[in-house]
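# Topology and contacts: notes
Listed below, chain by chain, are the residues.
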Amino acid sequence: MLRSRRRYMAFELETEGPAGSIQPKDLMGEFAASQFSLFGDEGASRNRIKLIAFNGRYGLIRFSHVLVSQTRATLAAIHSIRGIRVAIHSKGISGTIKSATEKYLPRLSKLSAESDGRRIELKDVSGCIIRTQGVKVDLCPDDRDKSVGSDTRYLGLTSFDLSGGHEDADGTADGL
Amino acid sequence: MNFYECVKVYPEGSSSASRMALTARNLGYKGIIICNCDPTRIFMLPAAERVKGIEIAVGVEVVASNVRALKSRIGALRIRYPFLAVRAATDETVHIASEDPNLDLLVYPCDVRRPLSIATARAAKANQVSIGFDISPLIHLRGSPRARWLQAVSRNLQLVRKFHLSCIITTGARSHIDMRSPRDLAALAEVAGFSPEEAEVALNRHEFLLAQNRRHWVGPGVEML
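Scope of this entry: the structure provided in the associated data block.

Cut-offs applied
Residues numbered from 1 in each chain as written. Chains lettered and ligands numbered in written order. Predicted model: local features only at pLDDT ≥ 70, side-chain atom pairs only at ≥ 80, totals over all residues. Helix = DSSP H or I, 4+ residues; strand = E, 2+ residues; numbered from the N terminus. Buried ≥ 20, exposed ≤ 12 C-beta atoms within 10 Å, placed from the backbone. Contact = placed C-beta atoms within 7 Å. Rg over C-alpha atoms; globule rule 2.2 N^0.38 Å. Nonpolar A, V, L, I, M, F, W, Y, C, P; charged D, E, K, R; others polar. Core = buried A, V, L, I, M, F, W, Y, C linked by C-beta atoms within 7 Å. Domains from an automatic or database assignment. Pairing = 2+ DSSP bridges. Axes fitted to C-alpha atoms, helices over the stretch in contact; angles between N-to-C directions. Parallel < 35°, antiparallel > 145°, perpendicular 65-115°, else oblique. Left-handed = near helix turned anticlockwise from the far one by under 90°.

### Describing the overall build of chain A
- On a plain count of helices and strands, chain A comes out with four helices and nine strands.
- Along chain A, from the amino end to the carboxyl end, the secondary structure elements read β-α-β-β-α-β-β-α-β-β-β-β-α.
- Counting over 176 residues, chain A shows a buried share of 32%.
- Taking all contacts inside chain A whose residues are at least 6 apart in sequence as the whole, residues at least 24 apart take part in 54%.

### Topic: the overall build of chain B
- Each helix and strand in chain B was counted, giving nine helices and nine strands.
- The globule rule puts the C-alpha radius of gyration for 225 residues at 17 Å, and the 17 Å found for chain B is close to it.
- Once the C-alpha set of chain B is aligned to its principal axes, its extents read approximately 45 × 40 × 35 Å.
- Expressed as a percentage of the 225 residues in chain B, the buried residues total 49%.
- A sequence separation of at least 24 residues applies to 70% of the contacts in chain B between residues at least 6 apart.

### A short note on the interface of chain A and chain B
- Between chain A and chain B, the residue contacts involve 28 residues of the former and 32 residues of the latter.
- Among the elements of the structure, α1 (24-46), α2 (68-76), β5 (84-94), β9 (155-158) and α4 (159-162) of chain A are those that each provide at least two residues to the side of chain A that touches chain B.
- Residues of the side of chain A that touches chain B, tallied by class, amount to ten nonpolar, eleven polar and seven charged.

### Re the nonpolar core
- Judged by nonpolar contacts, the single largest core of 109 residues is most densely connected at Ala17, Ala21, Ile32, Leu106, Ile169 and Leu188 of chain B.
- If you count residues domain by domain, this core takes at least three from each of domain 1 (6-104) and domain 2 (113-176) of chain A.
- Setting aside its immediate chain neighbours within four residues, Ala17 of chain B contacts Val9, Ile34, Ile42, Phe43, Met44, Leu45, Ala47, Ala48 and Ile56 of chain B.

### Topic: the sheet that holds strand β6 (residues 119-121) of chain A
- Spatially, four strands are ordered β6-β7-β8-β9 (chain A) in an open sheet, and the strand pairing comes out antiparallel. This sheet does not close on itself; its edge strands, each paired only once, are β6 and β9 of chain A. Here the average twist between neighbouring strands, direction ignored, is 40°.
- Where strand β7 (residues 126-133) of chain A meets strand β8 (residues 136-141) of chain A, six bridges bridge the pair, whose relative direction is antiparallel. Within β8 of chain A, the residue paired with Ile129 of chain A across the bridge is Leu139 of chain A.
- In this fold helix α1 (residues 17-27) of chain B packs onto β8 and β9 of chain A, with an angle of close to 80° to the strand it touches most, β9 of chain A.

### Examining the packing of helix α8 (residues 182-192) of chain B against helix α9 (residues 196-214) of chain B
All names here are of chain B.
- Direction vectors running N to C along α8 and α9 enclose 130°, while the axes themselves pass 9 Å from each other. In terms of orientation, α8 lies oblique with respect to α9. Relative to α9, the crossing made by α8 is right-handed. From α8, Pro182, Leu185, Ala186, Ala189 and Glu190 reach across to α9, where they touch Pro196, Ala199, Glu200 and Leu203.
- Taken together, the residues that form the contact of α8 with α9 break down as seven nonpolar, no polar and two charged.

### Comments concerning the sheet that holds strand β3 (residues 58-64) of chain A
Residues and elements named next belong to chain A.
- With antiparallel pairing, the five strands of this open sheet are ordered in space as β2-β3-β1-β5-β4. Of all strands in the sheet, those with a lone pairing partner are β2 (50-54) and β4 (80-81), marking the two edges.
- Along the sheet face, α2 touches β1 (6-15), β3 and β5 and points at about 160° away from the line of β5.

Take it as geometry only, folks, not as evidence of what the structure does.
Next comes the structure, spelled out in structure tokens:
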């Protein structure tokens, strides 16, 4: 009997929680729940998604080669894991683990996000910086009503928003 | 392919315009259209223009207290913004919005009790109004509410196909975590009943609308060069 053909998908997990807050077991459970919910038992039986590797941010899954679209939809339909808002972005699909890793997974990824407790005081927004990653800044607003309606805990900003803002900002190179 | 996405940014969403632009660029979009209800209060819009490799267009989601105000507001905003959208809340809103040629997008709520009507579809076709499918319920709902939503989408899609309406797919992202890449969106749209070709056209439609609206039309079919 022929072995069924497989594909490997590299993905990136974007989360509101601290780095490493999502465990591989939780992620796999959410994949299964999303797949059963969207395609039912019969659909899940035709496409057994298996988590090959996950390092807290990037990961690799294996699935059937004819059900690429279903697998993408399964991952895209996930919006939270254990109450933490997440988004799973597929990076690319390949036929072997080696090529998927080489093509789509960055070799050096900064997993430990910096959390320095600095404050931002601007005219429209004020709060504590939760983490920064490159130019991305996640801010916990003083006024919690600021993020009402979007179902998130933090405000997503960039250092472009903060540079040249209020005079109380301490004028470092990244504008914080 | 030139994919665009309609988003809401701070203060109406929870991410700034530049964070949305950065995320959209990384996901493979050509541009984003900021559809806040009040475009004059967008937080740090110049910062978004500093993000290279992505086009930022400012549109408006038109809201008004009554239908007469909605009609006059659409007319007033048309000359200032290249993209106008209306989220259909009531039957009167749908009626006015579908009959206004100044409008670009009517985001139709997919509800089994209030499906897209034949009259609305005819009016939208005659006035070149695109029908928007917000597929965020597919991401945020589970179980029977999602099943009902899928049922309503397939019903509305039948009418869209029958009247050859142009449609647009969006997630209505209010945060950078709500955004999905164009391929993921197309995959979700396929689950909702779109064909792959329809999904691709629906994700490309924004660019055509923006290009048309940026031209200086003096009257129907007459352009000032």
